[in-house]
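# Examination of the molecular architecture
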Amino acid sequence: MTEDLVLFDVRNAIATITINRQDKYNALNLSVKKTLLAMFKQAEEDPSIRVVVITGAGEKAFISGSDITDFVGRDSKTIRSVVGPSRDIAEYMTSMTKPIIAAVNGYALGGGCELALVCDIRYASINARFGLPEIHLGTIPGNGGTVRLPRLVGLGIAKELILTGGRIDAEEALRIGLVNKVFNSQDELREGVLELARKLCKMPGVALGLAKQSIQKAWQLPLNEHLAFELKAFCQTFDTEDKEEGLAAFLEKRKPEFKHK
Ligand code: COA
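Since the structure is predicted, the reported quantities are computational estimates derived from the model, not experimental observations. (Residues numbered from 1 in each chain as written. Predicted model: local features only at pLDDT ≥ 70, side-chain atom pairs only at ≥ 80, totals over all residues. Heavy atoms only, no water.)

## With respect to the pairing of strand S7 (residues 121–125)
- For S7, the buried fraction is high: 5 of the 5 residues fall into the buried class.
- Bridging between strand S5 (residues 100–104) and S7 involves 4 bridges; their strand directions are parallel. Of the residues in S7, the one forming a bridge with Val104 is Ala124.
- As judged from the 3 bridges shared by S7 and strand S10 (residues 181–183), these two strands associate in the parallel manner. Bridge pairing links Ala124 to Val182 in S10. (Buried < 20%, exposed > 50% of the residue type's maximum accessible area, 1.4 Å probe, protein only. Helix = DSSP H or I, 4+ residues; strand = E, 2+ residues; numbered from the N terminus. Pairing = 2+ DSSP bridges.)

Have a look at this one:
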């Protein structure tokens, strides 16, 4: 039963995780959060998987947020058991070496928008709607929204979105840099995401993971330490077979065939 609330499908090295709670616009309750974390772990640990896609079932919602009914009757102490699992998912996602693509196919609100913000690349269909509406509930984003949104779109726009709890459409999300691409239909979104995932699958896995982690460090380290991390990661790629293959392929004027080691 719980399993069915989140679907896990692996094809050609691409794992697709689908939140499947359509009657609640794919809101994240505690069961969904628990399963979702387990599935991200499964995707990271399975060496046959190279790329992860997360999306929502149906045509209406990516994720409408944390399940609001889980908020009812909580105080500053007891709410932690609701937000804690969301935090665990975000923290695990940022630690993953495999790229995560958000295929935003409808409402991405509150915790859903925050989850999309944790992903590495965001593609959306034209009917996607984004927002952090927590202010309307008398609260604020609790899973990184006030941290990640300003870094992605700038302080001014983030403040307007968070303080008004307003919603924006896909075109506006593209304009402010919240998403990388917008597609005219859900089918086109699916195809666009697959094309990107296939492209990423062909990249050298070790270098891909190190590039992702090095970019991530910008959020955690002072500039000099971040530069040192990048240097170490760069040097580390020179111990991989893929680096040999990449250089040889260039010199032999052919496409590289990476083995992800
Ligand atoms: N948590 C719990 N249930 C949710 C939900 C959420 N975040 N978002 C939607 N639902 C439920 C609704 O309660 C409703 O359930 P019901 O049919 O049992 O009454 C069902 O999903 C459909 O939602 P509804 O509001 O009837 O659809 P709509 O098309 O009029 O509006 C939304 C869709 C997403 C705009 C609206 O549901 C909404 O604003 N949801 C809350 C978004 C939010 O504040 N997220 C942040 C939470 S931290």
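Read on, since the account is not over.
## A look at the environment of Ala116
- By secondary structure assignment, the location of Ala116 is in helix H3 (residues 111–118).
- Along the chain, Ala116 and Gly209 lie 93 residues apart, while their C-alpha atoms are 19 Å from each other.
- With near-sequence residues (within four places) excluded, Ala116 lies in contact with Phe62, Ala102, Val104 and Arg122. (Contact = heavy atoms within 4.5 Å.)

## Some remarks on the state of the cysteines
- One pass over the full model with this rule turns up 0 disulfides.
- The thiol of Cys113 is unpaired, and the distance to the nearest cysteine sulfur, on Cys119, comes to 11 Å.
- For Cys113, a relative accessible area of 2% puts it in the buried group. (Disulfide = S-S within 2.5 Å.)

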